[in-house]
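Chain by chain, the residues:
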Amino acid sequence: MRIVLLGPPGAGKGTQAVMLSEKLGFLHLSTGDILRENVKRGTDIGKKAKAFMEKGELVPDDIVIQMMLDTIKSSGKKNDFILDGFPRTVYQAKKIDAELKKLKLAVDIVFYFKTSISTVIKRLTGRRLCPKCGANYHIVNMPPKKQGICDKCGVELYQRKDDSEETIEKRLEVYENQTKELIDYYSAQGILKELSGDLDAKEVYKQLAAILA
Ligand code: AP5
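Thresholds, definitions, all that
Residues numbered from 1 in each chain as written. Predicted model: local features only at pLDDT ≥ 70, side-chain atom pairs only at ≥ 80, totals over all residues. Heavy atoms only, no water. Axes fitted to C-alpha atoms, helices over the stretch in contact; angles between N-to-C directions. Helix = DSSP H or I, 4+ residues; strand = E, 2+ residues; numbered from the N terminus. Parallel < 35°, antiparallel > 145°, perpendicular 65-115°, else oblique. Contact = heavy atoms within 4.5 Å. Nonpolar A, V, L, I, M, F, W, Y, C, P; charged D, E, K, R; others polar. Near = heavy atom within 4 Å. Polar contact = N/O pair within 3.5 Å; in protein donor to acceptor, adjacent residues only side chain to side chain. Areas by Shrake-Rupley, 256 points an atom, 1.4 Å probe, with all protein chains shown as cover. Expected span 1.5 Å × (residues − 1). Buried < 20%, exposed > 50% of the residue type's maximum accessible area, 1.4 Å probe, protein only. Arc of directions from axis to C-beta. Pairing = 2+ DSSP bridges. Phe/Tyr/Trp six-rings, centres within 6.5 Å; stacked < 30°, edge-to-face > 60°. Disulfide = S-S within 2.5 Å.

> Go over the packing of helix α2 (residues 31-41) against helix α4 (residues 61-74), please, and point to the residues and values.
It is the contact of α2 with α4, at a shortest axis distance of 11 Å, that shows an interaxial angle of 100°. With respect to their mutual orientation, α2 and α4 come out roughly perpendicular. Facing Thr 31, Ile 34, Leu 35 and Asn 38 of α2, the residues of α4 in contact are Val 64, Met 67, Met 68 and Thr 71. Looking at side-chain class alone, the contact of α2 with α4 contains five nonpolar, three polar and no charged residues.

Rendered as structure tokens:
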């Protein structure tokens, strides 16, 4: 099964993808995580992507599409995966649809997390991450047991550079102008399911699991 998670920055796509992949054993493919890993390792993709990501702009389509196709093809579990943050433009969606068709795979369901701007701003400015295991916290909604420290690794949490208020504003503008039209694209295919991303994470998960069941 192929699942796409769609929604604005901070809608909770990554949080739900981790919960779903743990429950279902599906591969979790987050373009943001893969790009950040490339930036960290200083790969060619990372060098090309860095400036776009820091400004809150989309990385050019062709770089992202090729990167995701290579990741899907090289994964051992290529039949069951969750795409988190990809596709992000209609061009990316059309390209990946065509490529997945060749592999006899198709996107089965798209969960759209409809989320208010005030929610996403609070979530992104309060998000903290573990540099070692990638665990995702929120200073108010999902705080670690000890302030600023990862529960699992005991190391200091950090804030993503693009979670500054100025860059969040840009990311939301990019979402409105370039990504939101995917709602119509997938609705027309009859595979879009809308949920409220404003709800508590456990409630969102409960709704996702019920639809999948
Ligand atoms: P990416 O990393 O994908 O960022 P994003 O889409 O902006 O999404 P986020 O990771 O910010 O939010 P999320 O929805 O996953 O929320 P999360 O679960 O973390 O992309 C970063 C950059 O990479 C882009 O700007 C672009 O440059 C580039 N890029 C990525 N994909 C690309 C593509 N396809 N094409 C081109 N460029 C691309 O939750 C946020 C916070 O809220 C956390 O602290 C969490 O603990 C908390 N939280 C989550 N859910 C809830 C809840 N229900 N209730 C309360 N708190 C919650």
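> An account of the site of the ligand is needed here, citing residue identities and associated values.
Within the structure, the ligand sits among 35 residues, and Thr 15, Glu 57, Arg 88, Arg 127 and Arg 171 are positioned closest to it. Between the ligand and Thr 31, the relevant distance is 2.9 Å, taken from a nitrogen atom to a side-chain nitrogen or oxygen of the residue. For the ligand, a nitrogen atom lies 2.7 Å from a polar atom in the backbone of Leu 199. Protein contact buries 96% of the 1000 Å² of open area that the ligand shows by itself. By residue number, the principal contributor to the shell around the ligand is α2, which donates four residues.

> Quick one: what's the story with helix α5 (residues 90-102), residue by residue and with numbers?
Along an α-helix, residues three or four positions apart point the same way, because every turn accommodates 3.6 residues. For α5, built from 13 residues, the straight-helix expectation of 18 Å at 1.5 Å per residue is met to within 8% by its first-to-last C-alpha distance of 19 Å. Buried residues of α5: Val 90, Gln 92, Ala 93, Ile 96 and Leu 100, and no others. The arc that holds the buried residues of α5, viewed along the axis, is 150°, so those residues lie on one side. Across from the buried face of α5, at angles greater than 90 degrees, the exposed residues are Lys 94, Lys 101 and Lys 102. The secondary structure elements touched by the buried residues of α5 are α4, β3 (81-84) and α8 (182-188). With its phi angle positive at about 60°, Lys 104 sits one or two positions after the end of α5.

> Give a description of the pairing of β3 that names residues and reports values.
Burial of β3 is two-sided: the residues Phe 81 and Leu 83 facing one way and the residues Ile 82 and Asp 84 facing the other way are all buried. Across four bridges, the pairing between strand β2 (residues 27-30) and β3 is parallel. Among the inter-strand pairings, Leu 29 is bridged to a residue of β3, identified as Leu 83.

> Can you break down the sheet that holds β3 residue by residue, with the values?
The sheet built from five strands is open, its strands ordered β2-β3-β1-β4-β7 with parallel pairing. Looking at strand neighbours, the two that pair on one side only are β2 and β7 (192-196), the edges of this open sheet. This sheet shows a mean twist of 20° between the axes of neighbouring strands, independent of strand direction. Relative to β7, strand β4 (residues 109-114) is paired through five bridges, and the arrangement is parallel. Along β7, the bridge assignment pairs Phe 111 with Lys 193. Sitting on the sheet, helix α9 (residues 201-212) touches β1 (2-6), β4 and β7, and the angle it makes with β4 is about 155°.

> Outline the packing of aromatic side chains, listing residues and values.
Taken as a whole, this structure holds one aromatic pair when the rule is applied. Relative to Tyr 186, the ring of Tyr 185 lies with its centre 5.0 Å away and its plane at 80°, an arrangement referred to as edge-to-face. The residues Tyr 185 and Tyr 186 share a single accessibility class, namely buried.

> Account for the state of the cysteines, naming residues and giving values.
According to the stated counting rule, one finds zero disulfides in the structure shown. Left unpaired, Cys 150 is separated from the closest cysteine sulfur, that of Cys 130, by 3.6 Å. Classification of Cys 150 as buried rests on a relative accessible area of 2%.

Don't take any of this as a statement about function, it's just geometry.
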